[in-house]
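Residue-level structural notes
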Amino acid sequence: MKTDTERLDWLEKMYGEGNSPAIVTDDDGHWAVSFCGSQPCPRGGGRGYDEDVYVGVDVEVKEWKPTIREAIDYAIEQEG
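When its secondary structure is counted, the protein shows 2 helices and 4 strands. If you list the helices and strands of the protein from N to C, you get α-β-β-β-β-α. Burial status across the protein gives 24% buried among its 80 residues. A fraction of 48% describes how many contacts in the protein between residues 6 or more apart in sequence connect residues 24 or more apart. Accessible area for the protein stands at about 6,000 Å²; split by element, carbon and sulfur atoms hold 50% of it.

This is how it looks when you write it as structure tokens:
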């Protein structure tokens, strides 16, 4: 069983390796971690975004889990 610290460290590691993990939830209380989607590149000169942006995320059926922890654990399992 993973600790919350291990889960957060893994998410930060994924970002550090050039990935963009997105944690999403639906209206029924399900959670998923997705690495598929799109968003615009920041235009704020290194300061982030200067305007509101749309971020689209693709989630496969098998990625939806009943808790955020299970969603992160599933994503970790799929990596390895």
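Looking at the protein, pLDDT values average 89 and 89% of them are 70 or higher. Within the protein, the lowest mean pLDDT, 86, falls on strand 3 (residues 36-38), and the highest, 97, falls on strand 2 (residues 31-34).

A cluster of nonpolar residues, Val53, Val55 and Val57, forms a patch on the protein surface that exposes about 190 Å² of accessible area. In this structure, Val53 sits in the loop between strand 3 and strand 4 (56-58).

What counts as what
- Counting restarts for each chain: residues are numbered from 1 in the order of the written sequence.
- Local features in this predicted model are restricted to residues whose pLDDT is 70 or higher, and side-chain atom pairs enter the listing and the counts only when it is 80 or higher, whereas totals over whole chains, interfaces and linings include all residues.
- No hydrogens and no water enter the side-chain calculation; it runs on all heavy atoms of the structure.
- Comment: elements are numbered from the N terminus, with helices defined as DSSP H or I runs of at least four residues and strands as E runs of at least two.
- Partly exposed describes any residue whose relative accessible area lies between the buried limit of under 20% and the exposed limit of over 50%, with all areas from a 1.4 Å probe on protein chains only and scaled to the type maximum.
- The contact rule is simple, with two residues in contact once any of their heavy atoms fall within 4.5 Å.
- Calculation of accessible area relied on Shrake-Rupley with a 1.4 Å probe; when residues are assessed, cover is drawn exclusively from the protein chains displayed.
- What pLDDT reports is the predictor's confidence in each residue, on a scale of 0 through 100.
- Distance thresholds for patches are 9 Å for like charges and 5 Å for nonpolar side chains (Val, Leu, Ile, Met, Phe, Trp, Tyr), applied to residues having over 30% relative accessible area and no salt bridge.
- Any carboxyl oxygen of Asp or Glu that lies within 4 Å of a side-chain nitrogen of Lys or Arg is treated as forming a salt bridge with it.

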